[in-house]
Amino acid sequence: MNEQAKSISMLDRVIHEPGRLMIVALLSGIEEADFLYLLHETGLNKGTLSSHLARLEEAGYVEITKTYRGKVPQTILKLTREGHKAFRRYREMLHEALAE
Amino acid sequence: MTTQIDDYVKRPMRYQNIDGLEELGIGLLWIILPLLEFFNKTAASGSIWHGRTTLFVCVAAVTVALLYGHKALKKRFTFPRTGYVKYRQTRTRVLASLLVAGAVAIVVAIATVFVLRLLEPRSSQTVGPVLASVAWGLFYIFITRMDAAWRWAVLVLLVAAPPALAVLPLGRLWLGNSPIVLIGVIYFVSGAITLALYLRQNPVPKQVVE
């Protein structure tokens, strides 16, 4: 197996899914954001976004905190240290895989 | 694909001025501060407006009011419409930004003095406004990312109008401040347009079940 094929096979499957990749990329540059922001920026529907977030939380990449903004419930999302590492690794692998 | 990922990583930074509040804040600052200085200079010597202490207190009060007002407006208008974002602000990043801003200000000030000495006294009236226009024009590009076609018209106005105003005969006292006030007005109007468009395009959604 050549290096490029090896890099492709080593891509993190949790992050590689387009919806989750959008979420992780958005969260990687900030401290935290809420559910509404991700809904607005990704264009995903609520159900799909929720399921992607649950998958990312299960992998330990995203920390989900339920809170309130006044009387309105608010879900705060934050990329964990592990999530940051995984995203960095993913980008490196992708770069290698796409390199000519 | 990597470019698309980079775009998503940088997207939250563009979100900072999605509502035009950054522009509005800068605009208000550059309208109010020169006006305060103008009142300070023109007030009678026994007046409360005269004196450096009053000016300093007013400047501090305006800056604090704008900072808290900005936060309150974000909470009131932006977060319920398009979501809440908290940016990373590590101590080193804040310190580095302050150092860079200070260094740039010093370089611009030295360059201004140098150029003023080289040029004729008459043309020196426009050098300050030209430098200020270019600096605030570049900053405008930075904060708005030129995300709409109409912003190019604002940019042209921002770069051309203050130096043009500087050569108009408005009297010596007001001359130094008027281009800065104009920069403030342009920023303010641009921010108001951005805010109006934002509010029209983003109504408050019904409660999101998460």
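For the structure, see preceding data.
### Describing the overall build of chain B
Per the secondary structure count, chain B includes eight helices and one strand. Listing every helix and strand of chain B by position from the N terminus yields α-α-α-β-α-α-α-α-α. In chain B, buried positions account for 20% of the 210 residues. Partitioning the contacts of chain B with sequence separation of at least 6, the portion at a separation of at least 24 is 70%.

### With respect to the overall build of chain A
Of the regular secondary structure elements, chain A holds six helices and three strands. In terms of principal-axis extent, the alpha carbons of chain A reach across some 55 × 25 × 20 Å. For chain A, buried positions account for 32% of its 100 residues. Sequence-distant contacts, at least 24 apart, represent 59% of the contacts inside chain A between residues at least 6 apart.

### With respect to the sheet that holds strand β2 (residues 62-69) of chain A
The sheet built from four strands is open, its strands ordered β2(A)-β3(A)-β1(A)-β1(B) with antiparallel pairing. Looking at the sheet topology across the chains shown, the edges are occupied by β2 of chain A together with β1 (85-86) of chain B. Here β2(A) runs beside strand β3 (residues 72-79) of chain A; their pairing, made up of eight bridges, is antiparallel. When the sheet's bridge partners are listed, Lys66(A) is paired in β3(A) with Thr75(A). Against the sheet, helix α5 (residues 46-58) of chain A engages β2 and β3 of chain A, with an angle of about 125° to β2(A).

### Quick word on the packing of helix α2 (residues 21-42) of chain B against helix α3 (residues 52-82) of chain B
All names here are of chain B. Packing of α2 against α3 leaves a shortest axis separation of 10 Å and a crossing angle of 165°. The angle between α2 and α3 places the two elements in the roughly antiparallel class. The handedness of the crossing between α2 and α3 is right-handed. Listed contacts from α3 to Leu21, Gly25, Leu28, Leu29, Ile32, Leu33, Leu36, Glu37 and Asn40 of α2 are Leu55, Cys58, Val59, Val62, Leu66, His70, Leu73 and Lys74. Across the contact of α2 with α3, the residue classes tally to 12 nonpolar, three polar and two charged.

### What about helix α6 (residues 81-98) of chain A?
Residue and element names in this part refer to chain A. End to end, α6 covers 26 Å across 18 residues, agreeing with the expected 26 Å (1.5 Å per residue, within 8%). For α6, the full list of buried residues reads Gly83, Ala86, Phe87, Tyr90 and Leu94. Across the axial projection of α6, the buried residues extend over an arc of 100°, all falling on one side. With respect to the buried face of α6, the exposed residues turned more than 90 degrees away are Arg81, Lys85, Arg88 and Glu92.

### Some remarks on helix α3 (residues 18-28) of chain A
In terms of burial, α3(A) is largely enclosed, as eight of its 11 residues are buried. Buried within α3(A) we find Arg20(A), Leu21(A), Met22(A), Ile23(A), Val24(A), Ala25(A), Leu26(A) and Leu27(A).

### Here we look at the nonpolar core
The biggest cluster of nonpolar side chains holds 29 residues, and the ones touching the most others in it are Ile23(A), Val24(A), Leu27(A), Ala33(A), Leu38(A), Val62(A) and Leu77(A). A per-element tally of this core places α3(A) first, with seven residues. Other than its neighbours up to four places away in sequence, Val24(A) contacts Ile15(A), Leu56(A), Tyr61(A), Leu79(A), Gly83(A) and Phe87(A). Core analysis: the second largest hydrophobic core is formed by 16 residues, Ile26(B), Ala132(B), Leu182(B) and Ile183(B) among them.

### Focus: the interface of chain B and chain A
The partner chain A presents 26 residues to the 20 residues of chain B that form the contact. Among the secondary structure elements, those contributing two or more residues to the side of chain B that touches chain A are α1 (2-15) and β1 of chain B. In terms of residue count, α1(B) provides more of the side of chain B that touches chain A than any other element does, eight residues in total. Its residues assigned to classes, the side of chain B that touches chain A comprises 11 nonpolar, four polar and five charged. Bridge analysis of strand β1 (residues 32-34) of chain A against β1(B) gives two bridges, and the strand direction is antiparallel.

### Details of the pairing of β3(A)
All names here are of chain A. As defined by bridge partners, β1 adjoins β3 across two bridges and the pair is classed as antiparallel. When the sheet's bridge partners are listed, Ala33 is paired in β3 with Leu77. Counting the residues in the hairpin turn of β2 and β3 gives two residues, including Gly70, whose phi is positive at 70°.

What counts as what
- Residues numbered from 1 in each chain as written.
- Chains lettered and ligands numbered in written order.
- Predicted model: local features only at pLDDT ≥ 70, side-chain atom pairs only at ≥ 80, totals over all residues.
- Helix = DSSP H or I, 4+ residues; strand = E, 2+ residues; numbered from the N terminus.
- Buried ≥ 20, exposed ≤ 12 C-beta atoms within 10 Å, placed from the backbone.
- Contact = placed C-beta atoms within 7 Å.
- Pairing = 2+ DSSP bridges.
- Axes fitted to C-alpha atoms, helices over the stretch in contact; angles between N-to-C directions.
- Parallel < 35°, antiparallel > 145°, perpendicular 65-115°, else oblique.
- Left-handed = near helix turned anticlockwise from the far one by under 90°.
- Nonpolar A, V, L, I, M, F, W, Y, C, P; charged D, E, K, R; others polar.
- Expected span 1.5 Å × (residues − 1).
- Arc of directions from axis to C-beta.
- Core = buried A, V, L, I, M, F, W, Y, C linked by C-beta atoms within 7 Å.

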